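Each chain, letter by letter, is given below.
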Amino acid sequence: SSSNSAVEENKERRVLQEEFCASGFIMDIFCIDRGNLLDRPSIVSLSAQGPSEHTLHCLVDIGVCIRSGYEMLKEKSNGNGFDRLLKFDDSGNTMVLEEARKAGSSRLGCSTCGTDGAQRKGFFATAIGVLED
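Criteria and cut-off values
Residues numbered from 1 in each chain as written. Predicted model: local features only at pLDDT ≥ 70, side-chain atom pairs only at ≥ 80, totals over all residues. Heavy atoms only, no water. pLDDT = per-residue confidence, 0-100. Helix = DSSP H or I, 4+ residues; strand = E, 2+ residues; numbered from the N terminus. Disulfide = S-S within 2.5 Å. Buried < 20%, exposed > 50% of the residue type's maximum accessible area, 1.4 Å probe, protein only. Expected span 1.5 Å × (residues − 1). Arc of directions from axis to C-beta. Polar contact = N/O pair within 3.5 Å; in protein donor to acceptor, adjacent residues only side chain to side chain. Salt bridge = Lys/Arg side-chain N within 4 Å of Asp/Glu carboxyl O.

## Regarding the confidence of the model for the protein chain
Then, in step 1: Summarising the model, the protein chain shows a mean pLDDT of 89, and 86% of its residues fall at 70 or more.
Then, in step 2: At the low end of the mean pLDDT range in the protein chain sits helix 1 (residues 2–16), at 54; at the high end sits helix 2 (residues 29–34), at 98.

What follows is the structure in structure tokens.
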């Protein structure tokens, strides 16, 4: 009986660690939790236009936003805004920071971005990884 429960536990662990691939807008947890965008307070964070109006400056320049970590969002099935899809771990947060800084530009208001990017707002990405609890 005890070996049977170990088999079930291994099967469950395998299911929990399956690879996934998802695409969506990325937003910092600080802006999600506050309910409106830090640099555009008139816009509700998870509204239909919130993620596309969220600036890279806010995403990767503002200390409190960076420290809060990042989440991927998915559009609600009714098209009326966004829901939280997944939260990145530390290595995922680092990748988001690096990729967003490449996509943005210091010429477009993102002070920690390079100069090659052409994006000012609405960071959308595809993540491939392993889902954990």
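Read on for the rest.
## A closer look at the state of the cysteines
Then, in step 1: In this structure the tally under the stated criterion is one disulfide.
Then, in step 2: Here Cys 110 pairs with Cys 113 through a disulfide, and the sulfurs are 2.0 Å apart. When the S-S torsion is 70°, as for the bridge of Cys 110 with Cys 113, the disulfide is right-handed. By the burial criterion, Cys 110 is buried, and Cys 113 matches it.
Then, in step 3: For the unlinked cysteine Cys 31, the closest cysteine sulfur is that of Cys 58, found at 3.5 Å.
Then, in step 4: The class for Cys 31 is buried, based on a relative accessible area of 0%.
Then, in step 5: The class of Cys 58 is buried, set by a relative accessible area of 0%.

## Points about helix 6 (residues 90–103)
Then, in step 1: Across its 14 residues, helix 6 extends 20 Å between first and last C-alpha, which sits within 8% of the 20 Å expected from 1.5 Å per residue.
Then, in step 2: Of the positions making up helix 6, those classed as buried are Gly 92, Asn 93, Val 96, Leu 97 and Ala 100. Relative to the axis of helix 6, the buried residues are bounded by an arc of 140° and lie together on one face. Of the exposed residues in helix 6, the ones pointing more than 90 degrees away from its buried face are Met 95 and Lys 102.
Then, in step 3: For helix 6, the N-terminal capping position is held by Asp 89, with its side-chain oxygen 3.3 Å away from the main-chain nitrogen of Ser 91.

## Notes on the pattern of salt bridges
Then, in step 1: In total, this model carries five salt bridges according to the counting rule given.
Then, in step 2: Where Glu 71 meets Arg 84, a salt bridge forms, and the shortest distance between an N and an O atom there is 2.8 Å. Of the two residues, Glu 71 sits in strand 4 (residues 70–75) while Arg 84 sits in strand 5 (residues 82–87), which places them 13 residues apart along the sequence.
Then, in step 3: For Arg 84, a relative accessible area of 38% puts it in the partly exposed group.
Then, in step 4: In the salt-bridge network here, residues are joined through shared partners; they are Asp 33, Glu 71 and Arg 84.

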